[in-house]
Amino acid sequence: NAGVTQTPKFQVLKTGQSMTLQCAQDMNHEYMSWYRQDPGMGLRLIHYSVGAGITDQGEVPNGYNVSRSTTEDFPLRLLSAAPSQTSVYFCASSYSTTGSMNTEAFFGQGTRLTVV
Amino acid sequence: DAKTTQPTSMDCAEGRAANLPCNHSTISGNEYVYWYRQIHSQGPQYIIHGLKNNETNEMASLIITEDRKSSTLILPHATLRDTAVYYCIVRAPRGGSSYKLIFGSGTRLLVRP
């Protein structure tokens with residue numbers, strides 16, 4: 001089991017460039033989400049998905065798009081990178097079925113993004 | 001989701017117990033208390049969760065007050081590797097938006113040699 005895998009680990013972008021952060025999990029989890037963490041702060045939810053084909057916005061969705069075509073993958077797209085998007089990005093997954101108890105979330109190791 | 005309040009930072013000596021408090025005075029009857037930690041900018045790691053009874057696992061113990069308005073995470077024998085930011089989160093067990101984790105600022109625990 002690899003758990004939650006994020007790629008790349010580091011990335012430098014120029015303002016205005018676009019890119020996709022990849023997230024994959026091999027635990028057959030229904031729920032996946034993206035967080036960003038700015039220096040000295042807690043994690044903030046960007047987008048989340050409750051299953052393939054279903055996504056929704058979190059606390060700070062502006063400037064980001066997501067899609068969930070498979071259970072395993074949940075990519076995060078930066079449409080036009082801005083310096084304010086310099087942050088560490090974490091992907092997480094967890095499993096829950098209707099009526100069942102939520103399980104703990106598993107996090108990837110993060111993608112450190114710098115926009116210059 | 002109920003808000004939580006934690007001290008900004010704490011320290012303890014290696015080998016001693018670390019007791020991390022969390023206030024969640026607006027917690028709802030069906031909401032659980034979860035604890036995660038983040039070691040040096042790695043991805044957060046689940047520690048433990050509970051509803052109203054005290055809980056213990058291989059990592060820690062969780063003590064929840066009878067009125068459920070506060071809790072304490074206990075690391076019984078802290079090691080240098082326990083230096084991390086600890087997050088206390090409350091969430092419902094199922095349904096709605098319960099799968100979303102809302103992180104606060106957490107407590108930065110420093111374990112001293």
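Quick caveat, the model's predicted, so the values are computed rather than measured.

Participant: So what exactly am I meant to see when it comes to the overall build of chain B here?
Facilitator: For chain B, the helix and strand inventory stands at zero helices and nine strands. In chain B, the succession of α and β elements from N to C terminus is β-β-β-β-β-β-β-β-β. Expected size for 113 residues packed as a compact globule is a radius of gyration near 13 Å; at 13 Å, chain B falls within 12% of this value. Projected onto its principal axes, the C-alpha coordinates of chain B cover approximately 45 × 30 × 25 Å. By the burial criterion, 45% of the 113 residues in chain B qualify as buried. In chain B, 56% of the contacts between residues at least 6 apart in sequence involve partners at least 24 apart. Working note: accessible area of chain B is about 5700 Å², and carbon and sulfur atoms make up 47% of it.

Participant: Any chance you could explain the environment of Tyr64 of chain A here in plain terms?
Facilitator: Positionally, Tyr64 of chain A belongs in strand β7 (residues 64-66). Each residue touching Tyr64 of chain A, except ones within four places of it in the same chain, is listed here: Arg36, Ile46, His47, Leu76, Arg77, Leu78, Gln85 and Tyr89 of chain A.

Participant: I keep staring at the pattern of salt bridges and nothing clicks. Help me out?
Facilitator: A side chain with one charge may pair with a side chain of the opposite charge, provided their charged atoms come close. All names here are of chain A. Per the stated rule, a full pass over the model turns up four salt bridges over all chains. Taking the shortest distance from any N to any O, the salt bridge between Asp38 and Arg36 comes out at 2.8 Å. With relative accessibility at 13%, the residue Asp38 sits in the buried group. Under the relative-accessibility criterion, Arg36 is labelled buried at 7%.

Participant: Just to check I follow, could you spell out the state of the cysteines for this structure?
Facilitator: Throughout this description, disulfide means a covalent bond between two cysteine sulfur atoms. Residues and elements named next belong to chain B. Applying the stated criterion across every chain, the model contains two disulfides over all chains. Paired through a disulfide, Cys22 and Cys88 show a sulfur-sulfur distance of 2.1 Å. When the S-S torsion is -80°, as for the bridge of Cys22 with Cys88, the disulfide is left-handed. With Cys22 in strand β2 (residues 18-23) and Cys88 in strand β8 (residues 84-91), this pair connects stretches of sequence that are 66 residues apart. The same class applies to Cys22 as to Cys88, namely buried. Free cysteine: Cys12, not disulfide-bonded; nearest cysteine sulfur from Cys22 at 18 Å.

Participant: Would you explain the sheet that holds strand β1 (residues 9-13) of chain B in this entry?
Facilitator: Adjacent strands of a sheet form backbone hydrogen bonds with each other and so pair up, either parallel or antiparallel. All names here are of chain B. Across the sheet, five strands lie side by side as β1-β9-β8-β3-β4; this open sheet has mixed pairing. Lying at the two open borders of the sheet, with one neighbouring strand each, are β1 and β4 (45-50). On average, each strand axis in the sheet is inclined to that of its neighbour by 25°, with strand direction left out of account. Across five bridges, β1 lies against strand β9 (residues 107-112) in parallel orientation. Note that in β9 the partner of Met10 across the bridge is Leu109.

Participant: Explain the nonpolar core here, please?
Facilitator: Inside soluble globular proteins, nonpolar side chains tend to come together where they are buried. Core analysis: the biggest nonpolar cluster contains 21 residues, and Trp35, Leu73, Tyr86 and Leu109 of chain B have the highest contact counts within it. Residue assignment for this core shows that the elements contributing at least two residues are β2, β3 (32-38), β4, β6 (61-64), β7 (70-75), β8 and β9 of chain B. When residues in this core are grouped by element, the largest group, four residues, is from β8 of chain B. Val4, Met32, Ala81 and Cys91 of chain A belong to the second largest nonpolar core, which has 19 residues in total.

Participant: Just to check I follow, could you spell out the layout of surface pockets for this structure?
Facilitator: A probe as big as a water molecule, rolled over the atoms, marks out the empty space that is left. When its volume is computed, the largest pocket comes out at roughly 430 Å³. In this structure, the largest pocket is lined by 25 residues; those nearest its centre are Gln37, Gly40 and Met41 of chain A together with Ser41 and Arg108 of chain B. Looking at the lining of the largest pocket, the elements that each hand over two or more residues are β9 (87-94) and β11 (111-115) of chain A together with β8 and β9 of chain B. Within the lining of the largest pocket, the residues separate by chemical class into nine nonpolar, 13 polar and three charged.

Conventions used here
- Residues numbered from 1 in each chain as written.
- Chains lettered and ligands numbered in written order.
- Predicted model: local features only at pLDDT ≥ 70, side-chain atom pairs only at ≥ 80, totals over all residues.
- Heavy atoms only, no water.
- Helix = DSSP H or I, 4+ residues; strand = E, 2+ residues; numbered from the N terminus.
- Rg over C-alpha atoms; globule rule 2.2 N^0.38 Å.
- Buried < 20%, exposed > 50% of the residue type's maximum accessible area, 1.4 Å probe, protein only.
- Contact = heavy atoms within 4.5 Å.
- Areas by Shrake-Rupley, 256 points an atom, 1.4 Å probe, with all protein chains shown as cover.
- Salt bridge = Lys/Arg side-chain N within 4 Å of Asp/Glu carboxyl O.
- Disulfide = S-S within 2.5 Å.
- Pairing = 2+ DSSP bridges.
- Axes fitted to C-alpha atoms, helices over the stretch in contact; angles between N-to-C directions.
- Core = buried A, V, L, I, M, F, W, Y, C linked by side-chain atoms within 4.5 Å.
- 1 Å grid on protein atoms, 1.4 Å probe; cavity = no way out; pocket = protein on both sides within 12 Å on 5 of 7 lines; lining within 4 Å.
- Points joined across faces, edges and corners; volume = space filled by probe spheres on them.
- Nonpolar A, V, L, I, M, F, W, Y, C, P; charged D, E, K, R; others polar.

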